[in-house]
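Examination of the molecular architecture
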Amino acid sequence: MNNTGYIKVYRKMLDNPIICKDAEHLAVWIYLLLTATHQSLSVVFNGEKIVLNPGQLITSTLSISSKLKINKDKIQRILKSFEIDKQINQQQSSKGRLITVLNWSKYQMSDIQNDKQLISDCETTDKQLITNNNVINNYYYYLEKIYARTISSVEIELLDYLLETYDPKLVKLALDNSCINNAKRLSYVKKTLENWKSEGKTISDFQTQKVEEKEEQPVELFEYNWLEEERQ
């Protein structure tokens, strides 16, 4: 999950007896809103390449349970109640489930003109997180770009974990490092981050290293014919 940007939460949500049935129902609903993608994204689900549209996410009851500390069986019941109430659609597979938040565009993508300034502010913050040659606001897209392939739902969950556990800037450096070492695997990225953590490395260490490398300018050599001087 990319921890940038914002969602809209409408006050009339409090009038929904299903979403507000208890604190756990509300927590799951907010989780779905926060983790749903806000732009189209190519992913692999159930062994097939699909396009994840705004308002959709790939997750699992185990993943939600781990994040919210709610019993896995209750997560299952809550999602089913949301589905019956026509708040979501869901497709299940052996490796997770594809959830679509219904009416996403109606509530999350309205009043575009009024939101322009807020969106601009969010994008400015995002630019500080990930930059390559062009501004990259989405780690999923960035991973697909540098690995030159579609990422799977398993990789999405692992990337979410890494972004929640480590400094996102360090995660980007580790992703770049995996490409440099021709090891385009998130397991390699995870091991790299674990090693850096054990060594006590922070993003400032790499920034200092870059400054030092930049300051180490090569010594200019010039040609001088000593034989010509001796003849004089």
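This section reports on the structure supplied with the text. Predicted model, so just to flag it, every value in this text is computed and none were measured.

Rules used in this analysis
- Residues numbered from 1 in each chain as written.
- Predicted model: local features only at pLDDT ≥ 70, side-chain atom pairs only at ≥ 80, totals over all residues.
- Heavy atoms only, no water.
- Core = buried A, V, L, I, M, F, W, Y, C linked by side-chain atoms within 4.5 Å.
- Buried < 20%, exposed > 50% of the residue type's maximum accessible area, 1.4 Å probe, protein only.
- Helix = DSSP H or I, 4+ residues; strand = E, 2+ residues; numbered from the N terminus.
- Contact = heavy atoms within 4.5 Å.
- Pairing = 2+ DSSP bridges.
- Axes fitted to C-alpha atoms, helices over the stretch in contact; angles between N-to-C directions.
- Parallel < 35°, antiparallel > 145°, perpendicular 65-115°, else oblique.
- Left-handed = near helix turned anticlockwise from the far one by under 90°.
- Nonpolar A, V, L, I, M, F, W, Y, C, P; charged D, E, K, R; others polar.

1. Looking at the nonpolar core
One finds Leu159, Val171, Leu175, Val189 and Leu193 to be the most contacted residues of the largest nonpolar core, which totals 29 residues. Of all the secondary structure elements, the ones that give two or more residues to this core are strand 1 (41–45), helix 6 (139–147), helix 7 (153–165), helix 8 (168–180), helix 9 (186–198) and helix 10 (203–215). Sort the elements by how many residues they give to this core and helix 6 lands first, with six residues. With residues near it in sequence (within four places) discarded, Leu193 still touches Leu162, Tyr166, Leu170, Val171 and Ala174.

2. Here we look at the sheet that holds strand 5 (residues 96–101)
Hydrogen bonds between backbone groups are what pair the strands of a sheet, and the pairing can be parallel or antiparallel. Read from one edge of the open sheet, three strands run 3-5-4, paired in antiparallel fashion. Edge positions in the open sheet fall to strand 3 (56–59) and strand 4 (88–93), since each of these has one partner strand only. The sheet shows a mean angle of 15° between the axes of neighbouring strands, taken without regard to direction. The sheet contact formed by strand 3 and strand 5 spans four bridges and is antiparallel. Its bridge partner lying in strand 5, Leu57 is registered against Ile99. Sitting on the sheet, helix 3 (residues 72–84) is in contact with strand 4 and strand 5, with an inclination near 130° to strand 4.

3. Structural notes on the packing of helix 8 against helix 9
Contact geometry of helix 8 with helix 9 gives a least axis separation of 9 Å together with a crossing angle of 125°. In terms of orientation, helix 8 lies oblique with respect to helix 9. The crossing of helix 8 and helix 9 is right-handed. Within the contact between the two elements, helix 8 uses Leu170, Val171, Leu173, Ala174, Leu175, Asn177 and Ser178 and helix 9 uses Leu186, Tyr188, Val189, Thr192, Leu193 and Trp196. In terms of residue class, the contact of helix 8 with helix 9 is built from 10 nonpolar, three polar and no charged.

Keep in mind that these numbers describe shape and distance, not what the molecule does.
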